[in-house]
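Residues per chain, in single letters:
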Amino acid sequence: MSSEKAIKSAIPAELSGMIRSAKFAEGVATIVADASGLGRSAMAQLQRELEQAVGALPEVNEVRVALMADKRERKIVVVGSGKGGVGKSTLTANLAVALARSGMKVGVVDADIYGPSQPLLLGTANEKVRAEGQTLIPVQTEFGVSMLSMGQLIEPGRAIAWRGPMVGKALEQLMEADWGDTDLLLVDLPPGTGDVQLSMLQNFKPAGAVVISTPQDLALIDATRAIDLFKQAKVPIIGLVENMAGYLCPECGAVSAPFGQGGTESAAQALGVPFLGRVPLAMEIRVASDTGQPPAANETQHGPHFSGIAAQVASYLAGSQG
Ligand SMILES: Nc1ncnc2c1ncn2[C@@H]1O[C@H](COP(=O)(O)OP(=O)(O)OP(=O)(O)O)[C@@H](O)[C@H]1O
């Protein structure tokens, strides 16, 4: 048997379909394998298994493994708001869950250093994050969404002291984690236009931004600022979402509008950006969110608000090149 044949037959049968070439010269076995679709840890394991199997041959002194992988077109969508507390994290979690239910492989990056709430919203508050070397391994949620949060990297309350370079480094760690075959990363940005936003726009190339606001004027002025920042950085605005639109009293059935109504849609028109829909102010949304059960995960009354917005994000992404 030639040495090249011996190398091929030493490779375990379940890996042989991945082998593109196996060469042998002067004691060195060189194997090229197709690792498309594998995450970083699966690639490392493939490499180890090939090295062990082929390295066991008596004539082989050294094994060199080259893994080829398709460059994955993973898209990034940022979710931003002008001011805090308008429902940005709630929207991000529910968009992720709704998009995952429609068949996308979605990851959530909670980049909100000042109030990381995705572990609570996605029910992973008790999960520890693992790392392989410098690479973080995202946490799997029960909703088919994987996630990582600034809250899992830093002790509560410490982030306030963080400045530009530290923020940039932490963001990079989250974005460059082992996201495997994830198609889309949804990034929950902190409110406003600070270090995280700048680092995101400088170092990564979001395919689009969703901006959320309540209908009141003050929130809309801030949302306009966030939209300006994305526009300046040439990040397309997928659209504007109105949250806490009308309040349906569970006791008497009356509908009221504590933050006004319709302001976000008119603002979207004035700014020339799409309006993606509105989500009412509802006790069920707050309670479900606090218990780690995003309304979009179940057949709830409010799930359709989020799945309607998610469908528009999906169709934007299907039509975008970036
Ligand atoms: N449509 C809604 N109906 C009822 N409660 C809501 C709704 N949207 C958000 N909330 C509640 O409002 C609070 C703030 O929401 P959330 O954390 O999503 O806002 P945020 O904009 O991400 O805030 P932060 O700036 O702190 O990150 C949470 O308690 C959440 O459950």
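Residues numbered from 1 in each chain as written. Predicted model: local features only at pLDDT ≥ 70, side-chain atom pairs only at ≥ 80, totals over all residues.

Some remarks on the site of the ligand
Part 1 of the argument: Near the ligand you find 20 residues, and of these Gly84, Gly87, Lys88, Ser89 and Thr90 are the closest.
Part 2 of the argument: Residue assignment for the shell around the ligand shows that the elements contributing at least two residues are helix H4 (88-101), strand E12 (237-248), strand E14 (275-281) and helix H11 (283-290).
Part 3 of the argument: Its residues placed into classes, the shell around the ligand shows seven nonpolar, ten polar and three charged. (Near = placed C-beta within 6 Å. Helix = DSSP H or I, 4+ residues; strand = E, 2+ residues; numbered from the N terminus. Nonpolar A, V, L, I, M, F, W, Y, C, P; charged D, E, K, R; others polar.)

A closer look at the sheet that holds strand E3 (residues 62-68)
Part 1 of the argument: The strand order across the open sheet formed by three strands is E1-E2-E3, and the pairing between neighbours is mixed. Of all the strands in the sheet, just strand E1 (19-25) and E3 have a single pairing partner and so form its edges. On average, adjacent strands in this sheet sit at an angle of 15° to one another, irrespective of strand direction.
Part 2 of the argument: With seven bridges joining them, strand E2 (residues 28-34) and E3 adopt parallel strand pairing. In the strand pairing of E3, Val28 is matched with Glu62.
Part 3 of the argument: Contacts from helix H1 (residues 3-10) reach E1 and E2, with the element oriented near 135° to E1.
Part 4 of the argument: Against the sheet, helix H3 (residues 40-55) contacts E2 and E3, and its axis sits at roughly 150° relative to E3. (Pairing = 2+ DSSP bridges. Axes fitted to C-alpha atoms, helices over the stretch in contact; angles between N-to-C directions. Contact = placed C-beta atoms within 7 Å.)

A short note on the domain arrangement of the protein
Part 1 of the argument: Looking at the assigned domains, one finds that the protein contains domain 1 (3-68) and domain 2 (75-319).
Part 2 of the argument: If you average the C-alpha positions of domain 1 and of domain 2, the two centres end up 42 Å apart.
Part 3 of the argument: Contacts between the two partners involve four residues from domain 1 and, on the opposite side, six residues from domain 2.
Part 4 of the argument: Its residues assigned to classes, the side of domain 1 that touches domain 2 shows no nonpolar, three polar and one charged. (Domains from an automatic or database assignment.)

What about the nonpolar core?
Part 1 of the argument: Within the largest apolar cluster, 72 residues are counted, with the highest numbers of intra-cluster contacts made by Leu95, Ala96, Leu99, Ala111, Leu186, Val187 and Val210.
Part 2 of the argument: Ranked by residues supplied to this core, first place goes to H4 with eight residues.
Part 3 of the argument: Ala96 has contacts with Val106, Val108, Val145 and Leu186, leaving out every residue within four places of it along the chain.
Part 4 of the argument: By size, the runner-up hydrophobic cluster in this structure holds eight residues, among which are Ala22, Ala33, Leu50 and Val54. (Core = buried A, V, L, I, M, F, W, Y, C linked by C-beta atoms within 7 Å. Buried ≥ 20, exposed ≤ 12 C-beta atoms within 10 Å, placed from the backbone.)

Some words on the confidence of the model for the protein
Part 1 of the argument: In the predicted model, the protein carries a mean pLDDT of 88, and the fraction of residues at 70 or more is 94%.
Part 2 of the argument: Complex prediction metrics read pTM 0.81 and ipTM 0.98. (pLDDT = per-residue confidence, 0-100.)

Structural notes on the pairing of strand E5 (residues 106-110)
Part 1 of the argument: E5 sits mainly inside the fold: five of its five residues count as buried.
Part 2 of the argument: Going residue by residue along E5, you find Val106, Val108 and Asp110 tucked away on one face and Gly107 and Val109 tucked away on the opposite face as well.
Part 3 of the argument: Pairing geometry for E5 and strand E10 (residues 184-188), over five bridges, is parallel. In the sheet register, Asp110 faces E10, and the bridge partner there is Asp188.

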